[in-house]
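Descriptive analysis of the structure
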Amino acid sequence: MCSGSYFPPPVRTVGIAKSDGRQRKLGIPTVSDRVAQMVVKMYLEPDVEPNFHPDSYGYIRGRSALDAVGVVRKRCWNYNWVIDLDIKGFFDNIDHELMLHAVKKHTTSKWMLLYIERWLKAPAQLENGSLVERKMGTPQGGVISPLLANIFLHHAFDEWMRLDHPSIRFARYADDIVVHCRTEAQAQFMLRAIKRRLARCKLSLHPDKTKIVYCKDDRRSGNYDHESFDFLGYSFRPRGCKGRNYFVGFTPAVIKSAIKAMSDKIRGWKLQLWSSSSLEDIARRINPVVRGWLNYYGRYYKSAMRPIHRQLQHALARWAMRKYKRLKGHWLRAIHWVNRIMRRDRKLFVSWEYGL
């Protein structure tokens, strides 16, 4: 690679369905190209990461999506207004010249710059085999793409906010950005300023998905057109909370689309057909998946995960009705049987141990 003789092959493009019915284009590099991209990433990342803004969380070691959700949660208690930013087609619209200009601020290595330019300009191979020249954007799915996206937005957004608007707090995970403001007037001003800044970087905000949100709770009176927003799989909105007393707080909980996806996954397991398996076998097979769900979506307002717990209980009851003759056709008896096992051995299933 140091000789400059490696030329990346075309990137195979695959369409992935999005929740809104549209498709997200993913670029799938070859195995050898992934290795080559990892080489550059291993050289470049240690020099770049220390410079990233403390409120940038995406694809950075020691920072996670849940850290970003937690920071936004706390700031929504202190700031009345939020700008929910959605950059229109970010990965598809990154300007190559600006990207290379940003990367050059972090390295003078000619061979790394050479390959980054080649990856940016590598043609896309459509599903029918035809090749399409790429004049802008970096393909999602590449090993180097998240790092390049972070470098670009570090200069296009993070550094600009730090220098021009140091008092404004924000959280960014890749191209998902939340900006906190104290007043509606400040939010309107910042939205206009961000639009102008992104336009200078040849990007634009999605007109339908970008919005100003009022963080309404018991302390904040009045109403606004938008009183909720979604961020990293969590929906932030007014909810009933329990402390010393019951109150309404502006807090995050698992988004409805994530609940639906988990529900569809459980339904697809068809646990009632696993009659040859024991409860222990079922637990070993599904616990890793359910543990991942609960570790992420159960971090904040975990009671919103109760529908998943209830669906798992019902699936186990249907399994018991098929496995044991004495329970066949007796739905309530099967439910009681599952609940009795749960009280006796809480650690068998992750959802039981979690205490939903």
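Whatever comes next refers back to the structure up there.
Each value, and the rule that gives it
- Residues numbered from 1 in each chain as written.
- Predicted model: local features only at pLDDT ≥ 70, side-chain atom pairs only at ≥ 80, totals over all residues.
- Heavy atoms only, no water.
- Helix = DSSP H or I, 4+ residues; strand = E, 2+ residues; numbered from the N terminus.
- Contact = heavy atoms within 4.5 Å.
- Axes fitted to C-alpha atoms, helices over the stretch in contact; angles between N-to-C directions.
- Parallel < 35°, antiparallel > 145°, perpendicular 65-115°, else oblique.
- Nonpolar A, V, L, I, M, F, W, Y, C, P; charged D, E, K, R; others polar.
- Core = buried A, V, L, I, M, F, W, Y, C linked by side-chain atoms within 4.5 Å.
- Buried < 20%, exposed > 50% of the residue type's maximum accessible area, 1.4 Å probe, protein only.
- Phe/Tyr/Trp six-rings, centres within 6.5 Å; stacked < 30°, edge-to-face > 60°.
- Lys NZ or Arg CZ within 6 Å of the ring centre and 35° of its normal.
- Salt bridge = Lys/Arg side-chain N within 4 Å of Asp/Glu carboxyl O.
- Expected span 1.5 Å × (residues − 1).
- Pairing = 2+ DSSP bridges.

**As for the environment of Pro-9**
As for its position among the elements, Pro-9 is in the segment before β1 (11-17). Placed 115 residues apart in sequence, Pro-9 and Ala-124 show a C-alpha to C-alpha distance of 9.3 Å. For Pro-9, the contacting residues outside a window of four places in its chain are Thr-30, Asp-33 and Ala-122.

**Some points on the packing of helix α8 (residues 256-269) against helix α9 (residues 279-297)**
Running from N to C, α8 and α9 point in directions that differ by 170°, and their axes come no closer than 12 Å. The angle between the axes of α8 and α9 places the two elements in the roughly antiparallel class. Contacts between α8 and α9 involve Ala-258, Met-262, Lys-265, Ile-266 and Trp-269 from the former and Ile-286, Val-289, Val-290, Trp-293 and Tyr-297 from the latter. When grouped by side-chain class, the residues that make up the contact of α8 with α9 number nine nonpolar, no polar and one charged.

**Section: the nonpolar core**
Of all hydrophobic cores here, the largest spans 52 residues; its most connected members are Ile-83, Leu-85, Phe-90, Ile-116, Phe-157, Val-179 and Ile-194. With ten residues, the top contributor of residues to this core is helix α6 (residues 145-164). Filtering out sequence-adjacent residues up to four positions away, Ile-194 remains in contact with Leu-85, Phe-157, Trp-160, Val-179 and Leu-205. Grouped together as the second largest cluster of nonpolar side chains are 38 residues, Tyr-297, Ala-315, Ala-317 and Trp-337 included.

**Observations regarding the packing of aromatic side chains**
Tallied over the entire structure, the rule returns 22 aromatic pairs. Considering the side-chain rings of Trp-81 and Tyr-224, the 4.8 Å spacing of their centres and the 85° angle between planes classify their relative orientation as edge-to-face. Remark: Tyr-224 occurs in the loop between β8 (211-214) and β9 (229-231) and Trp-81 occurs in strand β3 (residues 81-86); sequence separation between them is 143 residues. Between Tyr-234 and Tyr-300, the aromatic rings sit 5.8 Å apart at their centres with planes inclined by 70°, giving edge-to-face as the arrangement. In this pair, Tyr-234 sits in strand β10 (residues 234-242) while Tyr-300 sits in the loop between α9 and α10 (306-323), placing the two residues 66 residues apart along the sequence. Considered together, Tyr-234 and Tyr-300 belong to a single accessibility category, that of buried residues. Pairwise contacts between aromatic rings join Tyr-6, Tyr-43, Trp-111, Tyr-115 and Trp-119 into one cluster. Positioned above the aromatic ring of Trp-274, the side-chain terminus of Arg-285 is 3.9 Å from the ring centre. Across from the ring centre of Tyr-324, 5.2 Å away, lies the NZ or CZ of Arg-326, which sits over that ring.

**Quick word on the pattern of salt bridges**
Taken as a whole, this structure holds eleven salt bridges when the rule is applied. A salt bridge links Arg-75 to Asp-55; the shortest N-O distance between them is 3.2 Å. One end of the pair, Arg-75, is in helix α2 (residues 65-78); the other, Asp-55, is in the loop between α1 (31-48) and α2, with 20 residues separating them in the sequence. Under the relative-accessibility criterion, Arg-75 is labelled buried at 11%. Taken together, the shared-partner salt bridges connect Asp-217, Arg-219 and Arg-220 into one network.

**Points about helix α5 (residues 110-121)**
With twelve residues, α5 should reach 16 Å at 1.5 Å per residue; the first-to-last C-alpha distance of 17 Å fits that figure. Among all positions in α5, only Trp-111, Met-112, Leu-113, Tyr-115, Ile-116, Arg-118, Trp-119 and Leu-120 are buried. Where the residues of α5 are buried, they touch α1, α4 (96-103) and α6.

**Points about the sheet that holds strand β7 (residues 176-181)**
Spatially, the four strands line up as an open sheet ordered β6-β7-β3-β8, and their pairing is antiparallel. Single-partner strands in this sheet number two, and they are β6 (169-173) and β8. Neighbour-to-neighbour, the strand axes of the sheet open up by a mean angle of 20°, direction not taken into account. The pairing of β3 with β7 spans six bridges and is classified as antiparallel. Counterpart to Ile-83 in the pairing with β7 is Val-179. This element, α2, spans β3, β6 and β7 of the sheet and lies at about 155° to β6.

Read these as spatial facts, not as claims about activity.
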